[in-house]
Amino acid sequence: MRNLLGYLTYRDSRDQGVKMVAGVERWTDHGMGGSVSEIARRCDDLRSQHVLAFSLVINPNPQLVAMIPAEQRERFVRELTERTVDDFFEARGLDTGCEYSYVLHHRYSEDPQTPGMHNPHCHVVLPGTVWTEEAGERIALYFSRNKKVNHIEMLHAVTEQNMVYMLDRYVGLDWEQRFDTLEAVRAQQLEVTEGVPHGYHINEDGRQIPFWGGARQVDEDSCAVGYYMPFEDEDGSVTIAFRPVAAGLDREYAQKLGSEVGQGLHEYPENQLVLYQETVKILLENEHDDIEPPQRNLSPSFDRDL
């Protein structure tokens, strides 16, 4: 337990540490303590026969988080966490609630189609027992997942209800329509894969894998240039997915760049995917005369090993 709490305290992800600030506690205390030692002691004091503690993660979709102004995202995730935990125990009929503490992490998404998106989330620690007025004592806390009652589904439903309510407040009542518009743009950009492939990548097995140069909208304000290619999932199914070469671009420019570079590959039959990636990077660096200079933000370039 101490190792877990220490990990959650001093790291935002597996590979990213946290810069600690003197006098500022990482944990928000709602009855379980505000430090590693306090929370560990409370977990031990409030344990059940079989459970020392429960851990939950409140992790809103980064695609929706991107619609929230950056300076408001931390407040949004904190409020979402507190509302969800409180409403969840109320839905379970535990009017007295339950003690908990949580820590906020700022990490970046690892989705290969849109890596590097801001992905704030909270880790919540709950005790092994909970007080009930009906019993007049603490009883074991449990999470059922059966036909009669499914607390996991209940937790998901409560989280979704709070997400909708809070997005209405933080983003606006039209957030669903705006998100649908974003998805429609992505679907239109995917249509490039209905045409003749711009080139082929030879994999380690010697198979020719087709790819299409193109663009994909990252969020409402920025677009990525890259390529679409079929990828095999763990279950063996094949889907066409996007891999970015560079992000933070204007949509029109990204689409034009991906298309023009892709269409020129037929003259160069060798190493077409590498040639596509390197040509896009060079054109972005040199602001090539044949294409309007890109409007860029601080989004990174992406190098991917196939």
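Small disclaimer: the values here were computed from a predicted structure and weren't measured.

Cut-offs applied
- Starting from 1, residues in each chain are numbered consecutively following that chain's sequence as written.
- Local features in this predicted model are restricted to residues of pLDDT 70 or higher, and side-chain atom pairs are both shown and tallied only at a pLDDT of 80 or more, whereas totals for entire chains, interfaces and linings draw on every residue.
- Each side-chain value is derived from all of the structure's non-hydrogen atoms; neither hydrogens nor water enter the calculation.
- Only protein chains enter the area calculation, which uses a 1.4 Å probe; residues under 20% of their type maximum are buried, those over 50% are exposed, and those in between are partly exposed.
- In this description a helix means any DSSP run of H or I spanning at least four residues, a strand means any run of E spanning at least two, and both kinds are numbered starting from the N terminus.
- DSSP-based pairing: two strands are paired if at least 2 bridges between them are found.
- As a rule, the C-alpha atoms of each element are fitted with a line to give its axis, helices using only the stretch in contact, and angles between N-to-C directions run from 0 to 180 degrees.
- With respect to orientation, any angle under 35 degrees is reported as roughly parallel, any angle over 145 as roughly antiparallel, any angle of 65 to 115 as roughly perpendicular, and every other angle as oblique.
- Two helices crossing with the near one rotated counterclockwise from the far one by less than a right angle form a left-handed crossing, whereas a clockwise rotation gives a right-handed crossing.
- When checking whether two residues touch, look at their non-hydrogen atoms; a contact exists if any pair is within 4.5 Å.
- Gly is put with the polar residues, along with every residue not named as nonpolar or charged; the nonpolar set is Ala, Val, Leu, Ile, Met, Phe, Trp, Tyr, Cys and Pro, and the charged set is Asp, Glu, Lys and Arg.

Draft legend 1. Layout of the pairing of strand 2 (residues 53-58). Alternating positions in strand 2 separate cleanly, Phe 54, Leu 56 and Ile 58 being buried on one face and Ala 53, Ser 55 and Val 57 remaining unburied on the opposite face. One ladder, built from six bridges, connects strand 2 with strand 4 (residues 118-127); its direction is antiparallel. Opposite Ile 58, over in strand 4, you have Cys 122 as the bridge partner.

Draft legend 2. Spatial organisation of the sheet that holds strand 3 (residues 100-108). Read from one edge to the other, the open sheet built from four strands follows the order 1-3-4-2, with strand pairing classed as antiparallel. Each having just a single partner strand, strand 1 (27-30) and strand 2 make up the two edges of the open sheet. Strand-to-strand twist in this sheet, taken as the mean axis angle between neighbours without regard to direction, amounts to 25°. Alignment of strand 3 against strand 4, held across eight bridges, turns out to be antiparallel.

Draft legend 3. Examining the packing of helix 7 (residues 251-263) against helix 8 (residues 272-286) more closely. At a closest axis distance of 10 Å, the pairing of helix 7 and helix 8 adopts a crossing angle of 135°. Classed by the angle they form, the pair helix 7 and helix 8 counts as oblique. Viewed along their axes, helix 7 and helix 8 form a crossing whose handedness is right-handed. The residues of helix 8 that touch helix 7, namely those facing Tyr 253, Leu 257, Gly 258, Val 261 and Gly 262, are Tyr 276, Thr 279, Val 280, Leu 283 and Leu 284. Considered class by class, the residues forming the contact of helix 7 with helix 8 number seven nonpolar, three polar and no charged.

Functional significance is not addressed by these values, which are geometric in nature.
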